[in-house]
Amino acid sequence: MAAVLSRKAVSAPGKVLLAGGYLVLDREHTGLVFGLDARIHVHIEPLQTSQGVVLSEIIVKSPQFLEANWEYGYRLTEGEGGIAVTQLRVSADDPLLRNAFVETALSYALTYISSSVPHHLIQPASISIIADTDYYSQPAKRSVSSSRFLNFDVPLWDAHKTGLGSSAALVTAFTGALLAHYLPKSQFDLTTDTGRQRLHNLSQAAHCAAQGKVGSGFDVASAVYGSCLYKRFSPSVLQSHGEPGTLLFSKKLKSLVEETSVKWDTEIVKSAVDIPKGLRLVMCDVDCGSKTPGMVKKVLQWRKEKPEEAGKIWGELQKRNDGLAAELVRLSKSNSTEYAELRECIAKIRALIREMSEASGVPIEPEEQTQLLDTCSRIPGVVGGVVPGAGGYDAVSLLVENKPDVIESIKKALADWKVNEKVDTGAVTIGKVSMLDVREEMEGVRLEDPAIYGEWVEGH
Ligand SMILES: Nc1ncnc2c1ncn2[C@@H]1O[C@H](COP(=O)(O)OP(=O)(O)OP(=O)(O)O)[C@@H](O)[C@H]1O
Ligand SMILES: C[C@@](O)(CCOP(=O)(O)O)CC(=O)O
């Protein structure tokens with residue numbers, strides 16, 4: 001008889017790329033990424049089936065959203081092709097709503113598990129995904145109990161994202177929960193360097209496959225390792241492992257994850273990143289629900305066409321980004337509250353980002369965000385702010401003194417804030433600007449107590 005597996009829960013943090021957007025796509029450069037205290041949690045338990053009924057089924061639910069149930073059948077494929085998963089129809093009348101991140105992470109993780117314990121049958125499981133509130137601009141309804149997790153009461157696809165990296169945190173926590181559930185601790189332990197390295201490699205591979213492109217991977221790296229200075233892996237690492245169901249996929253994935261044939265050249269430096277005790281990060285969401293498509297492509301095209309111009313700006317930006325990281329660490333170590341130099345670092349970075357926007361024709365720091373950042377930067381206690389990551393109209397980040405009156409002043413300023421008509425480009429409509437209830441967090445992925453989810457995993 002197969003051993004009864006115990007329930008497990010894993011969470012991973014969201015992210016903000018404070019400095020190094022676009023540059024981090026190139027291994028010549030680095031990104032300064034902070035993990036956030038908004039987490040995606042994944043809870044997994046054996047699926048209760050009627051006595052004598054043997055199913056190869058895994059059920060995944062996002063109980064905070066409507067119609068967010070996905071059921072999968074799974075089977076071992078021939079030719080060491082790994083585990084293929086097939087989405088099952090919940091009921092004959094329902095349309096098949098796919099979730100590429102869940103589906104891909106499931107088949108990658110099950111394939112790795114089956115290659116690690118080849119003669120074990122994978123038992124059915126029930127998985128719940130539970131997200132902290134600030135991943136979505138959607139106003140959430142308070143849940144009936146005292147649970148910190150809220151009910152969004154809309155289909156997942158209708159919730160506006162705030163850009164905190166839900167898919168990377170999801171894929172990392174989901175993969176971690178599956179490995180922790182099915183593999184013995186001797187083969188996978190989230191608390192060891194080897195465990196985290198394998199989880200990182202597997203999650204990066206699955207996340208890239210689900211996205212259909214290989215980005216820099218800073219979001220998955222920070223979901224695993226938390227805040228860090230990040231240098232990407234060479235894209236060639238992910239070029240030849242194939243797809244689930246194709247010849248030798250299982251073998252190739254195992255060696256990719258365990259680095260037996262390919263070496264991942266990712267560089268994670270945690271000691272280069274810190275936030276001084278007297279400061280914190282704040283994120284302000286503009287809820288306009290739009291992001292200019294193709295920004296990355298356009299910036300890279302500009303860099304290709306104008307290598308000299310781009311090289312100069314990127315070289316200078318890298319220097320300033322390094323300066324920002326160094327100043328944060330210096331302030332943190334010295335316990336100093338003298339923020340003039342930090343203010344200067346942020347102002348220089350913003351000026352260079354605007355120069356890059358202008359030269360590439362890509363609204364990385366659009367006029368509306370310039371105005372928002374300028375307004376916030378004038379509030380006493382606000383050291384400065386930037387458009388993080390790819391920029392555009394996602395939430396902006398501020399570095400502020402960690403004092404209740406400063407936070408109150410920011411909230412008040414945001415409540416009154418409107419785009420000045422003179423700079424309103426008309427490209428987007430900025431909704432209500434609000435402060436998200438998140439701040440930086442140093443820790444990455446972690447095991448959670450499965451009992452904390454209460455009603456969210458019972459009876460859903
Ligand atoms: N609570 C959830 N339950 C299930 N799937 C989710 C959940 N939250 C996010 N996802 C998955 O992640 C996808 C959103 O990922 P996407 O990469 O577009 O955005 P993001 O990672 O939040 O933001 P960004 O990349 O801008 O930081 C959704 O379409 C869905 O597949
Ligand atoms: C533009 C880029 O460097 C950062 C994108 O960051 P974000 O998704 O906007 O947080 C792309 C990448 O690193 O994959």
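No experiment lies behind these values; they were computed from the predicted model shown.

*Asks:* Even after reading the chapter, I still don't get the overall build of the protein chain, so can you show me in this structure?
*Replies:* Along the protein chain, the regular secondary structure elements total ten helices and 14 strands. C-alpha atoms of the protein chain, sized along the principal axes, occupy 70 × 50 × 45 Å. Residues classed as buried in the protein chain amount to 55% of the 460 residues present. If you take every contact in the protein chain between residues at least 6 apart in sequence, the share linking residues at least 24 apart comes to 75%. In the structure as shown, the protein chain presents an accessible area of about 20,500 Å², 51% of it carried by carbon and sulfur atoms. Averaging the positions of the 50 positive and the 57 negative side-chain charges in the protein chain gives two centres separated by 3 Å.

*Asks:* Hey, could you run me through the site of ligand 1 in this one?
*Replies:* Neighbouring ligand 1 are 17 residues; S62, N99, Y136, S166 and S167 lie closest to it. Interatomic distance of 2.5 Å between a side-chain N/O atom of S62 and a nitrogen atom of ligand 1. Considering each element in turn, the shell around ligand 1 owes the most residues, three residues, to helix α2 (residues 166-182). By residue class, the composition of the shell around ligand 1 is eight nonpolar, six polar and three charged.

*Asks:* In this structure, what is going on with the pairing of strand β1 (residues 8-19)? I would like to understand it.
*Replies:* If a strand is regular, its side chains alternate between the two faces of the sheet. Most of β1 sits out of view: eleven of its twelve residues are buried. When β1 meets strand β2 (residues 31-46), the two strands line up antiparallel, connected through ten bridges. Within β2, the residue paired with L17 across the bridge is V33. Strand direction decides the pairing type here: β1 and strand β14 (residues 446-448), joined by three bridges, are antiparallel. Paired with S11 across the bridge in β14 is R446.

*Asks:* Hey, could you run me through the packing of aromatic side chains in this one?
*Replies:* We describe a pair of aromatic rings using the distance from one ring centre to the other and the angle between the two ring planes. Here the structure, examined in full by the defined rule, presents eight aromatic pairs. Ring geometry for F65 and Y136: centres 5.0 Å apart, planes at 80°, overall edge-to-face. Highlighted residues: F65 in the loop between β3 (57-61) and β4 (69-76) and Y136 in the loop between β6 (125-131) and α2, separated in sequence by 71 residues. For the residue pair F65 and Y136, the accessibility class agrees, reading buried in each case. Within the aromatic cluster, the residues linked to one another by ring pairs are F65, Y135, Y136 and F152. Sitting over the ring of F233, R232 keeps its end group 5.1 Å from the ring centre.

*Asks:* Looking at this model, I keep getting lost on helix α5 (residues 249-258). Mind explaining?
*Replies:* Note on helix geometry: an α-helix contains 3.6 residues per turn, so any two residues three or four positions apart are oriented the same way. Those residues of α5 not exposed but buried are F249, S250, L253, S255, L256 and V257. Buried positions along α5 lie against α1 (100-116) and α3 (193-211). Directly after α5, the chain includes E259, whose backbone phi takes a positive value near 60°.

*Asks:* Got a minute to help me understand the sheet that holds strand β9 (residues 279-285) in this structure?
*Replies:* In any sheet, the strands associate via hydrogen bonds between backbone groups, in a parallel or an antiparallel arrangement. A sheet is described by the order of its strands in space; here four strands give the open sequence β10-β11-β9-β12, paired in antiparallel fashion. Two strands bound the open sheet, and with one partner strand each, they are β10 (382-386) and β12 (434-435). In the sheet, β9 pairs with strand β11 (residues 396-401) via six bridges, with the strands oriented antiparallel. Bridged to M283 within β11 is S397.

*Asks:* It is not clear to me how the side chain of D285 should be interpreted in this structure. Could you clarify?
*Replies:* Within the fold, D285 resides in strand β9. For D285, a relative accessible area of 4% puts it in the buried group. Engagement of the side chain of D285 in a polar contact is seen with the side chain of S137, the distance being 2.8 Å. With sequence-adjacent residues up to four places away left out, D285 is seen in contact with S137, T162, A395, K432, V433, S434 and L436.

*Asks:* Would you take a moment to explain a negative patch on the surface for this structure?
*Replies:* A cluster of acidic side chains, namely E67, D93, D94 and D158, defines a negative patch on the protein surface. Residue placement: E67 occurs in the loop between β3 and β4.

*Asks:* For this particular structure, what's the right way to read the UniProt feature "domain: GHMP kinase N-terminal" (unreviewed entry) in the protein chain?
*Replies:* Per the UniProt record, "domain: GHMP kinase N-terminal" (unreviewed entry) is found at residues 160-226. As annotated, residues 160-226 has a helix share of 66% and a strand share of 0%, and its two end C-alpha atoms lie 24 Å apart.

Each value, and the rule that gives it
Every chain's residues receive numbers from 1 upward, in the order its sequence appears when written. The lettering of chains begins at A and the numbering of ligands begins at 1, in the order of writing. Predicted model: local features are reported for residues with pLDDT of at least 70 only, side-chain atom pairs are reported and counted for 80 or more only, and whole-chain, interface and lining totals are derived from all residues. Calculation of side-chain values draws on the structure's entire complement of heavy atoms; hydrogens and water are dropped beforehand. In DSSP terms, a helix is any run of H or I states spanning at least four residues, a strand is any run of E spanning at least two, and both are numbered starting from the N terminus. Buried residues are those whose accessible area, probed at 1.4 Å on protein chains only, stays under 20% of the maximum for their type, while exposed residues exceed 50% and partly exposed ones sit between those limits. Any two residues whose heavy atoms approach within 4.5 Å at even a single point are treated as in contact. Methods summary: accessible areas were calculated by the Shrake-Rupley approach with a probe of 1.4 Å, and residue burial reflects only the protein chains presented. Charged residues are defined narrowly, with Lys and Arg counted positive, Asp and Glu counted negative, and His plus the chain ends left uncounted. We put the charge of a Lys on NZ, of an Arg on CZ, of an Asp on CG and of a Glu on CD. Definition of nearness: a residue and a molecule or strand are near each other if at least one heavy atom of the residue lies within 4 Å of the molecule or strand. Any pair of N or O atoms that falls within 3.5 Å is considered a polar contact. Within protein, one atom must be able to donate a hydrogen and the other to accept it, and sequence-neighbouring residues count only if both atoms are side-chain atoms. The nonpolar class holds Ala, Val, Leu, Ile, Met, Phe, Trp, Tyr, Cys and Pro. Asp, Glu, Lys and Arg form the charged class, and all remaining residues, Gly among them, are polar. For two strands to pair, DSSP has to find at least two bridges joining them. Each Phe, Tyr or Trp ring, with Trp reduced to its six-membered ring, pairs with another whose centre is within 6.5 Å; inter-plane angles below 30 degrees give stacked pairs, above 60 give edge-to-face pairs, and intermediate values give tilted ones. Two conditions define a charge located above a ring, namely a distance within 6 Å from the ring centre to NZ of Lys or CZ of Arg, and an angle within 35 degrees of the ring normal. What goes into a patch is any residue over 30% in relative accessible area without a salt bridge, connected to like charges within 9 Å or, for nonpolar side chains (Val, Leu, Ile, Met, Phe, Trp, Tyr), within 5 Å. A pairing counts as a salt bridge when a side-chain nitrogen of Lys or Arg comes within 4 Å of a carboxyl oxygen of Asp or Glu. UniProt positions are given in the numbering used here, feature names are shortened, and annotations may be inferred rather than shown by experiment.

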